[in-house]
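Reading the structure
In case you want the letters, here they are:
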Amino acid sequence: MVEFTVIIPSRYASTRLPGKPLQDIAGKPMVQHVYHRAEESRASSIYVATDDHRIEAAVTAFGGGCLMTSANHPSGTDRLAECAALLELDDDHIIVNVQGDEPLLPADLINLVAENLASHSDAGIATLCEKIHDRETLFNPNVVKVVKDEAGMAMYFSRAPIPWARDFFAENSSGLDQSVDFYRHIGIYAYRVGFLRSYVNWGTSPIEVIEALEQLRALWHGVSIHVGVVTQSPPAGVDTPEDLQRVRSLLMKDNNG
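Below or above, wherever it landed, is the structure these notes cover. Predicted model, so just to flag it, every value in this text is computed and none were measured.

What follows deals with the pattern of salt bridges. The final tally for this structure, using the stated rule, is 12 salt bridges. Two residues, Asp181 and Lys131, come together in a salt bridge whose shortest N-O distance is 3.4 Å. Of this pair, Asp181 sits in the loop between α6 (166–171) and β10 (183–192) while Lys131 sits in strand β7 (residues 125–131), and the two are 50 residues apart along the sequence. The class of Lys131 is partly exposed, set by a relative accessible area of 40%. Salt bridges linked by common partners bring Lys20, Asp101 and Asp239 together as one network.

Now for helix α2 (residues 53–61). The set of residues buried in α2 consists of Ile55, Ala58 and Val59. Looking straight down α2, one finds that the buried residues subtend no more than 95° of arc, so they occupy a single side. More than 90 degrees from the buried face of α2, the exposed residues found are His53, Thr60 and Ala61. Elements in contact with the buried residues of α2: α1 (30–39), β4 (45–50) and β5 (66–68). Note on α2: the residue one or two positions beyond its end, Gly63, has a positive phi of about 85°.

The next point concerns the nonpolar core. Across soluble globular proteins, you tend to see nonpolar side chains buried next to one another. Core analysis: the largest hydrophobic core is formed by 39 residues, its most contacted members being Phe4, Val6, Ile8, Val96, Val98, Ile110 and Ile188. Excluding its chain neighbours within four sequence positions, the residues that come into contact with Ile188 are Val96, Asn97, Val98, Leu105, Leu109, Ile110, Val113, Ala126, Thr127 and Leu128. Counting 29 residues, the second-largest nonpolar core is a separate cluster that includes Ala84, Ile95, Leu213 and Leu219.

Moving on to the pairing of strand β6 (residues 94–97). Burial along β6 is two-sided: the residues Ile94 and Val96 and Ile95 and Asn97 are all buried. Looking at chain direction, strand β1 (residues 4–9) and β6 are connected through four bridges and run parallel. In the strand pairing of β6, Ile7 is matched with Asn97. Sheet topology note: the β6/β10 ladder contains four bridges and is antiparallel. Across the sheet, Val96 pairs through a bridge with Ala190, a residue of β10.

Conventions we followed
Residues numbered from 1 in each chain as written. Predicted model: local features only at pLDDT ≥ 70, side-chain atom pairs only at ≥ 80, totals over all residues. Heavy atoms only, no water. Salt bridge = Lys/Arg side-chain N within 4 Å of Asp/Glu carboxyl O. Helix = DSSP H or I, 4+ residues; strand = E, 2+ residues; numbered from the N terminus. Buried < 20%, exposed > 50% of the residue type's maximum accessible area, 1.4 Å probe, protein only. Arc of directions from axis to C-beta. Contact = heavy atoms within 4.5 Å. Core = buried A, V, L, I, M, F, W, Y, C linked by side-chain atoms within 4.5 Å. Pairing = 2+ DSSP bridges.

That is the geometry; function is a separate question.
Structure representation (structure tokens):
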């Protein structure tokens, strides 16, 4: 069995939904629902990583593990690196980053991304993707696309439609080229601690800034990223008040049978 730690980065500030981790969903703060999803996985330990004492108090109240981290981290990955240092984890240990706004994330995906990284010793990171079946999704810049090689390693991530089916798109204004596999990136990551220690010493890369995609820094520095394909799309996370209401409705329905 793969041994791994789940870290749930959780910040109070949110432009579109202030205090997001503490928003009530079916009588519990959202961060507690995320924590419970992680508890359903095979993680050996679980921690919420935050710089806000209100979140720390909420996590402590439901009996969860919490790590207080710096408020000055430029990215979530930097926060994970601090957690690895605080926990004194070995370079080969695996950390799975579960976003704090994913209260419906299936535990199977947490296990899968950890197992994928453990089984690919040449990768420093593992993540997931799913097939894209419609043109609207492919052309949506808010949906991150990924192209991978025959070994399942990422070649590039982009907000643009990739790969570009030149001849098909030149001749068709609708639909997708069915001879091409297009993939949407699913934003769950597993990291080796040794990678995290290297990451914090690198500056931002040009392509990372241009695309506003943090994972491109790893590719820029030659780190392999394994991309596993899932067949069932995970439920969307919470980014807006509308998302919050949708998740509230779903979980209230589950609780009421």
